[in-house]
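The lines below spell out each chain.
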Amino acid sequence: MARSGYQWTTNTFLKRAMDALKLEEHYETLLVMPRREVRVELAIRMDDGSLGNFIGYRIQHDNSRGPYKGGLRYHPKADIDQVRSLASLMTWKTAVIDVPFGGAKGGIDADPAKLSVLELERLTRRFVDQIHDFIGERMDIPAPDVNTDQRVMGWFFDQYTRHHGFAPGVVTGKPVALHGSLGREAATGRGCLIAIREVLAAAGETVDGTSFAVQGFGNVGSWFARLVHAQRGKIVAVSDVRGGVHAGDGLDIPKLVEHAKATGSVVGFTGATPITNKELFAVDCDVLVPAALGHVIDENVAKDVLARYVLEAANGPCTVHGSDTLEQRGILCVPDIWANAGGVTASYFEWVQNLQQHRWTEERVNEELELHVVQAHRRIRETMARFGCSMRTAAFVLAVERVKAATDLRGIG
Ligand code: GLU
């Protein structure tokens, strides 16, 4: 395995936790390797009549604590290395946040920006046609991730019902009008806000008056920015794939959201200075929030970070060396498997509602989300004290202990 790939990163973090716990060697096979990998060819008719050819993956990493669970991303760089790493992260994320699921991830190597809506729909439906026997509301439950949203989940649900009949719990992150949950769309950003609020509180600080730089303005980054702004936190910089904007006194986030909706990017927002994505990482602020893709913070980026905290709203934003450099420099890195677990937590609430054919209020979703994120923080802090380790290793230790307990209790047979 390449010593720089995504899997290597996740497995290195995982290994540190397994070493701290002094686990016997056979757990390496049980906890590191995915249980099932599905790779499918996706041939679709493009609008111009030509043939579009894509590759789709669904990697099911572990289901000892419950059905496989995790998002589906559409990205040209979604390959087996990346999807395996993300599937493993989901196992540890569901365990840390304590929802009864395992971990999985799906990916299709497509660039949705280059597809029409109809092509996107055909691609989604073809993927479901190819994998429907491997998923199910008690087997494996996909959800949105990078470049997929509630509309995609709606098509996903509809196509699955054509094969298996009504089963809304087969996928989460659906539109509210189609068996989705109130509060799900904002949940990942909200979970990130609760996580950083708890971390700041532990140091006697508050969101009010703290400054943030957010890389990525998709679902997670934009909701996080909105919620922070509403709590009087100061968002001093935001970027997306096209570039970024900076304002030392704080950006007007509601206006920026409108601008991004109208133009498709934060670039060109008036009353702010343009910056590059690279510059965003070195912006003077308290909290740096990578909320887009993986491996954006390597040792070169990490050495220039001025923030005191890095909040991993994205999955796997730090390389091993990036993460170690932050730690050596005394910057507290709040790990993805806890920081961004609000999304899958609300997915769990959606799944519960679907199975019970019952709707929760948004207040209930938000209250229960709060309980899960706060409780996980307490357990992570206890684990940090117990092992004298980083917050990331503590989160992995806590997760591994829970997955190991379920694995042992089930037995190998
Ligand atoms: N894609 C999100 C994540 O990485 C959500 C997964 C889910 O809700 O199943 O956590």
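Here, the structure is the one placed above.
This is a predicted model, so every value here is computed, not measured.

The rules we used
- Residues numbered from 1 in each chain as written.
- Predicted model: local features only at pLDDT ≥ 70, side-chain atom pairs only at ≥ 80, totals over all residues.
- Heavy atoms only, no water.
- Buried < 20%, exposed > 50% of the residue type's maximum accessible area, 1.4 Å probe, protein only.
- Helix = DSSP H or I, 4+ residues; strand = E, 2+ residues; numbered from the N terminus.
- Pairing = 2+ DSSP bridges.
- Near = heavy atom within 4 Å.
- Polar contact = N/O pair within 3.5 Å; in protein donor to acceptor, adjacent residues only side chain to side chain.
- Areas by Shrake-Rupley, 256 points an atom, 1.4 Å probe, with all protein chains shown as cover.
- Axes fitted to C-alpha atoms, helices over the stretch in contact; angles between N-to-C directions.
- Left-handed = near helix turned anticlockwise from the far one by under 90°.
- Contact = heavy atoms within 4.5 Å.
- Phe/Tyr/Trp six-rings, centres within 6.5 Å; stacked < 30°, edge-to-face > 60°.
- Lys NZ or Arg CZ within 6 Å of the ring centre and 35° of its normal.
- Salt bridge = Lys/Arg side-chain N within 4 Å of Asp/Glu carboxyl O.

Trainee: So what's going on with the pairing of strand β11 (residues 287-290)? Which residues, and what values?
Mentor: Where burial is concerned, the two faces of β11 agree: the one with V287 and V289 and the one with L288 and P290 are both buried. In terms of strand pairing, strand β7 (residues 211-215) meets β11 through four bridges, oriented parallel. Within the sheet, the bridge partner assigned to V214 lies in β11 and is V289. Pairing of β11 with strand β12 (residues 309-311), which is carried by two bridges, proceeds in the parallel orientation. Of the residues in β12, the one forming a bridge with L288 is V310.

Trainee: An account of the site of the ligand is requested, with residue identities and associated values reported.
Mentor: If you check the shell around the ligand, you find 14 residues, and the closest are K69, K93, P144, D145 and S347. In the model, an oxygen atom of the ligand is placed 3.0 Å from a nitrogen or oxygen of the K105 side chain. Within the side chain of S347, one N or O atom sits 2.6 Å away from an oxygen atom of the ligand. For the ligand, the accessible surface in isolation is 290 Å², of which the surrounding protein chains cover 94%. Those elements giving two or more residues to the shell around the ligand turn out to be α3 (80-97) and α13 (342-356). Examining the composition of the shell around the ligand, we find that three residues originate from one element, α13, more than from any other.

Trainee: Outline the packing of helix α6 (residues 184-202) against α13, supporting the account with residue identities and numerical values.
Mentor: For the pair α6 and α13, the least separation of the axes is 7 Å and the interaxial angle reads 145°. In terms of crossing hand, the pair formed by α6 and α13 is right-handed. Residue-level inspection shows R184, A187, T188 and G191 of α6 in contact with α13, the latter providing G342, G343, A346, S347 and E350.

Trainee: So what's going on with the packing of aromatic side chains? Residues and values would help.
Mentor: Within this structure, the stated rule accounts for eight aromatic pairs. A centroid spacing of 4.9 Å and a plane angle of 65° characterise the contact between F101 and W351, whose relative ring orientation is edge-to-face. Here the residue F101 occupies a position in the loop between α3 and β5 (103-108), and W351 occupies one in helix α13, the gap between them amounting to 250 residues. Exposure class is identical for F101 and W351. Each is buried. Members of the aromatic cluster, connected to one another through ring pairs, are F101, Y348, F349, W351 and W360. If you follow R364 out to its NZ or CZ, it ends over the ring of W360, 3.8 Å from the centre. Sitting above the plane of the F13 ring, R392 keeps its charged end 4.2 Å from the centroid.

Trainee: Any chance you could break down the environment of P67 for me, citing the residues and the numbers?
Mentor: Considering the arrangement of structural elements, one finds P67 in the loop between β2 (51-62) and β3 (68-69). Between the C-alpha atoms of P67 and M139, which are 72 residues apart in sequence, the distance is 4.8 Å.

Trainee: Go over the pattern of salt bridges with me, naming the residues and quoting the values.
Mentor: Applying the stated rule across the entire model yields 29 salt bridges. The residue R125 makes a salt bridge to D158 at a minimum N-O spacing of 2.8 Å. One end of the pair, R125, is in helix α4 (residues 117-131); the other, D158, is in helix α5 (residues 150-164), and 33 residues separate them in sequence. Relative accessible area serves as the criterion here: at 28%, D158 is assigned to the partly exposed category. Through salt bridges that share partners, E121, R125, D158 and R162 make up one connected network.

Trainee: Go over the environment of V373 with me, naming the residues and quoting the values.
Mentor: Residue position: V373 is located in helix α14 (residues 362-387). Residue classification places V373 among the buried positions, given a relative accessible area of 1%. A C-alpha to C-alpha distance of 8.9 Å links V373 and T345, two positions 28 residues apart in sequence.

Trainee: With reference to specific residues and values, describe the sheet that holds strand β13 (residues 332-334).
Mentor: Sheet architecture is open: seven strands sit in the order β10-β9-β8-β7-β11-β12-β13, paired in mixed fashion. Two strands close off the open sheet at either side, each with one partner strand: β10 (273-275) and β13. Going across the sheet, the axis of each strand differs from the next one's by a mean of 20°, ignoring polarity. Sheet analysis places strand β8 (residues 234-240) next to strand β9 (residues 243-246), joined by four bridges and oriented antiparallel. By the bridge assignment for β9, A237 is matched with H246. α6 contacts β7, β11, β12 and β13 of the sheet and is inclined by roughly 155° relative to β12.

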